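Each chain, letter by letter, is given below.
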Amino acid sequence: MERRGTRRSRAKALVSLILFILVSLICQAKAEETETVEGDVSPPNVNSNKIVSRIAFGSCFNQSAPQPQPIWESIIRFDPQVFIWLGDNIYGDNKRPVRVWGRERTVGPWKNIERFFPSTEDELSRRYAAVKSNPGYARLRQGHPEVSIIGTWDDHDYGLNDAGKEFPYKDTSQQLLLDFLDEPHNSPRRKQAGVYASYMFGPPGKRIKVILLDMRYHRDPLFSDGTILGGTQWSWLEKELNGPQSEITIIASSIQVVSNLSAIFQPLFYMESWSLFPKERRRLFNLIDSSKREGVMFISGDVHFGEITRDDCGAAYPLYDLTSSGLTQAVERTVPKALAFAIRFMAWIAPSTKRVFSPICRFRSCTYGLPNFGAIEIDWEATPPMVKLEVRNELGKAAIGVEFTLSNLRQPEEQQPRSKTGMRGGRDWKYYKQHCLPESELPWFAKYRIALVLVAFATASTMLLLLVVKKAVSGGKMFIKKFKVD
């Protein structure tokens with residue numbers, strides 16, 4: 001009897017242990033499932049059924065920029081329902097002076113120290129606080145609570161110029177950015193590796209999906225042709241593009257997607273863009289094409305000027321990229337006003353196969369190098385609905401713009417054949433086509449036009465200087481000879 005009781009007790013204990021383990025595993029699986037559920041994030045103060053017809057965005061905002069900043073009043077007058085921070089929302093890193101000689105050489109062939117270095121966590125917090133207390137932004141954020149403010153980052157608010165996945169303080173930077181964006185403490189963005197997210201606005205039939213990419217957390221080194229998004233983010237993006245449909249899908253990338261300015265500015269300098277990772281860009285275009293998702297367009301920043309570009313061969317319909325940069329940091333502000341014409345001249349002669357030229361451009365180059373913000377307007381009442389993409393100046397006037405019907409961003413009834421390069425259009429890239437041929441495939445004399453002009457200018461300037469010196473020396477000798485005779 002005692003043995004039977006002991007056996008029963010052991011059996012009960014074993015059953016209890018097995019049940020405990022099963023319950024624990026189920027609870028753990030549920031918890032993990034909750035943590036890894038990915039989908040649209042609800043931003044603060046958003047009514048998902050409210051029609052959105054105006055979206056504003058900006059990038060490259062220096063928290064130390066002088067006041068006043070009329071651009072914020074222009075954004076408020078535009079009356080956006082959504083405002084997107086597109087990266088470099090603060091300048092959180094620091095830079096040493098440009099030095100070719102000396103103990104700390106930051107540039108040149110004898111460079112021995114990096115010019116840029118990161119700030120401390122406290123300093124980053126103070127710089128974010130400075131932006132939040134900026135009078136213009138505070139009026140948008142606090143005076144218009146109906147505006148949904150969302151955003152991603154680029155390198156300077158990530159923590160270091162041109163940094164990628166190797167940056168050691170990226171997790172700290174992630175939490176600081178999400179604090180700045182008033183992201184809830186239980187948001188999935190606080191638990192995942194990276195700040196990518198998606199949002200759905202508007203009722204059925206007038207939906208706008210905004211996909212914010214993270215171009216930093218998983219990015220391989222520049223010129224490696226590795227990954228930008230990383231495996232997890234690529235899987236997430238594929239789900240987003242193949243998920244619930246929307247009339248418009250805006251993919252927000254902190255760096256340019258369509259333009260390849262590095263191809264025409266080499267060997268002078270390079271600009272970060274998807275073109276530095278050609279395999280990744282091809283994968284992005286192929287994903288959009290294979291998903292059959294309609295109404296896709298890009299917005300981007302980073303380059304300190306505004307432009308609109310378009311790729312007609314990446315997918316079954318044109319892919320627009322509206323670039324706005326920056327809210328305070330602009331290329332023409334880096335030179336004296338008297339030399340602004342030189343910047344505009346260089347932009348005008350720079351070859352571009354992807355830039356959109358329109359009659360309303362402020363300058364002939366259809367670029368804009370002064371402070372600006374991006375504006376997207378959708379006229380849902382028109383038949384078919386109309387889309388307007390603009391780069392607006394500090395006063396809120398359009399400096400660059402293009403308007404088209406939403407039906408232009410639809411899959412055609414008959415698919416165009418693919419060329420050997422995998423692009424739409426039925427012909428190889430060696431055959432020129434506006435908005436199709438990449439800048440890197442231009443003839444060398446066109447691709448390196450800017451470098452050739454600068455070399456010619458430097459050569460002419462040197463020859464002129466030598467001529468002046470020669471004349472001065474000759475005049476000096478004649479004067480001395482005459483002085484001796486006298």
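Everything that follows concerns the structure shown earlier in this document.
Residues numbered from 1 in each chain as written. Predicted model: local features only at pLDDT ≥ 70, side-chain atom pairs only at ≥ 80, totals over all residues. Heavy atoms only, no water.

Asker: Please clarify how unusual backbone geometry should be interpreted in this entry.
Answerer: When glycine is set aside, most residues are seen to have a negative phi, and most peptide bonds are trans. In this structure, Gly326 follows Ser325 across a cis peptide bond, with omega equal to -5 degrees. Of the consecutive residues Thr383 and Pro384, the connecting peptide bond is found in the cis state with omega at -5 degrees. Mapping Pro384 onto the fold places it in the loop between β12 (372–379) and β13 (386–393). With phi around 55 degrees, Cys60 is a residue other than glycine that occupies positive phi space. Tracing the sequence through the fold places Cys60 in the loop between β1 (54–58) and α2 (71–78). Although it is not a glycine, Asp88 adopts a positive phi angle of roughly 55 degrees. Among the structural elements, Asp88 can be located in the loop between β2 (82–85) and β3 (94–95). Residue Asp88 is classed as buried on the basis of its relative accessible area of 1%. (Helix = DSSP H or I, 4+ residues; strand = E, 2+ residues; numbered from the N terminus. Buried < 20%, exposed > 50% of the residue type's maximum accessible area, 1.4 Å probe, protein only.)

Asker: Looking at this structure, I do not really get the pairing of strand β9 (residues 296–300). What am I missing?
Answerer: For a regular strand, the rule is simple: side chains alternate between the two faces of the sheet. With 5 of 5 residues buried, β9 lies mostly within the body of the structure. Side-chain alternation along β9 places Val296, Phe298 and Ser300 on one buried face and Met297 and Ile299 on a second face that is also buried. Of the strand pairs in this sheet, β9 and strand β11 (residues 319–323) are connected by 3 bridges, and their pairing is parallel. Directly across from Phe298, in β11, lies its bridge partner Asp321. (Pairing = 2+ DSSP bridges.)

Asker: How should I be thinking about helix α3 (residues 121–132) in this particular structure?
Answerer: Between its first and last C-alpha atoms α3 spans 17 Å; for 12 residues at 1.5 Å apiece the expected length is 16 Å, and the two agree. Buried residues of α3: Leu124, Arg127, Tyr128 and Val131, and no others. Angularly, the buried residues of α3 cover 100 degrees about the axis, an arc narrow enough to put them on a single face. The exposed residues of α3 that point more than 90 degrees off its buried face are Asp122 and Arg126. In this fold, the buried residues of α3 make contact with β2, β3, α4 (135–143), α5 (155–158) and α6 (170–180). (Expected span 1.5 Å × (residues − 1). Arc of directions from axis to C-beta. Contact = heavy atoms within 4.5 Å.)

Asker: Sorry if this is basic, but what is going on with a nonpolar patch on the surface here?
Answerer: Taken together, Val100, Trp101 and Trp110 make up a surface patch of nonpolar side chains, about 380 Å² in accessible area. Tracing the backbone through its elements, the reader meets Val100 in the loop between β3 and β4 (116–117). For Val100, a relative accessible area of 34% gives the class partly exposed. (Patch = residues over 30% accessible without salt bridge, like charges linked within 9 Å, V, L, I, M, F, W, Y side chains within 5 Å. Areas by Shrake-Rupley, 256 points an atom, 1.4 Å probe, with all protein chains shown as cover. Salt bridge = Lys/Arg side-chain N within 4 Å of Asp/Glu carboxyl O.)

Asker: Is there a simple way to think about the packing of α2 against α4 in this case?
Answerer: Each packed pair of helices is defined by two parameters, the angle between the axes and the distance between the axes. Remark: α2 packs on α4, axes separated minimally by 8 Å, with the N-to-C direction vectors making an angle of 20 degrees. Our classification of the angle between α2 and α4 gives roughly parallel. Crossing handedness for the pair α2 and α4: left-handed. In contact with Trp72, Glu73, Ile75 and Ile76 of α2, α4 contributes Gly136, Tyr137, Arg139 and Leu140. Classifying every residue of the contact of α2 with α4 gives 5 nonpolar, 1 polar and 2 charged. (Axes fitted to C-alpha atoms, helices over the stretch in contact; angles between N-to-C directions. Parallel < 35°, antiparallel > 145°, perpendicular 65-115°, else oblique. Left-handed = near helix turned anticlockwise from the far one by under 90°. Nonpolar A, V, L, I, M, F, W, Y, C, P; charged D, E, K, R; others polar.)

Asker: Looking at this structure, I do not really get the pairing of strand β10 (residues 307–311). What am I missing?
Answerer: Of all 5 residues in β10, 4 are buried; the element is thus mostly enclosed. Sheet topology note: the β10/β11 ladder contains 5 bridges and is antiparallel. In the strand pairing of β11, Arg310 is matched with Tyr320.

Asker: Just to check I follow, could you spell out the sheet that holds strand β14 (residues 398–405) for this structure?
Answerer: Neighbouring strands of a sheet are bound in pairs by backbone hydrogen bonds; such pairs are parallel or else antiparallel. Read from one edge of the open sheet, 6 strands run β5-β2-β1-β12-β13-β14, paired in mixed fashion. Where the open sheet ends on each side, the last strands, each with one partner, are β5 (148–151) and β14. On average, each strand axis in the sheet is tilted by 15 degrees relative to the strand beside it, whichever way the strands run. When β13 meets β14, the two strands line up antiparallel, connected through 7 bridges. Among the inter-strand pairings, Val391 is bridged to a residue of β14, identified as Ile400.

Asker: Where do I start with the pattern of salt bridges in this structure?
Answerer: Taken as a whole, this structure holds 23 salt bridges when the rule is applied. In this structure, Arg216 engages Asp154 in a salt bridge whose closest nitrogen and oxygen atoms are separated by 2.9 Å. Of this pair, Arg216 sits in the loop between β7 (208–212) and α7 (230–241) while Asp154 sits in the loop between β5 and α5, and the two are 62 residues apart along the sequence. Taken individually, Arg216 and Asp154 each receive the classification buried, so the pair is uniform in this respect. Through salt bridges with shared partners, a single network forms among Asp154, Arg216, Arg219 and Glu272.

Asker: How do you make sense of the packing of aromatic side chains when you look at a structure like this?
Answerer: Both the distance between ring centres and the angle between the ring planes are used here to describe each pair of aromatic rings. Tallied over the full model, the rule gives 23 aromatic pairs. Measuring from ring centre to ring centre gives 6.1 Å for Phe345 and Trp348, while their planes differ by 55 degrees; the resulting arrangement is tilted. Highlighted residues: Phe345 and Trp348, both in helix α10 (residues 340–349), separated by 3 residues, approximately one helical turn. For Trp348, a relative accessible area of 42% gives the class partly exposed. (Phe/Tyr/Trp six-rings, centres within 6.5 Å; stacked < 30°, edge-to-face > 60°.)

Asker: Can you walk me through the sheet that holds β9 in this structure?
Answerer: Overall, mixed pairing links the 6 strands, which are arranged β6-β7-β8-β9-β11-β10 in an open sheet. Across the chains shown, the open sheet's two edge strands, defined by having one partner strand only, are β6 (197–201) and β10. On average, adjacent strands in this sheet sit at an angle of 20 degrees to one another, irrespective of strand direction. Relative to β9, strand β8 (residues 248–252) runs parallel, the two being bridged by 4 bridges. Opposite Ala252, over in β9, you have Ile299 as the bridge partner. In this fold α7 packs onto β6, β7 and β8, with an angle of close to 175 degrees to the strand it touches most, β7. Sitting on the sheet, helix α9 (residues 278–291) is in contact with β8, β9, β10 and β11, with an inclination near 150 degrees to β9.

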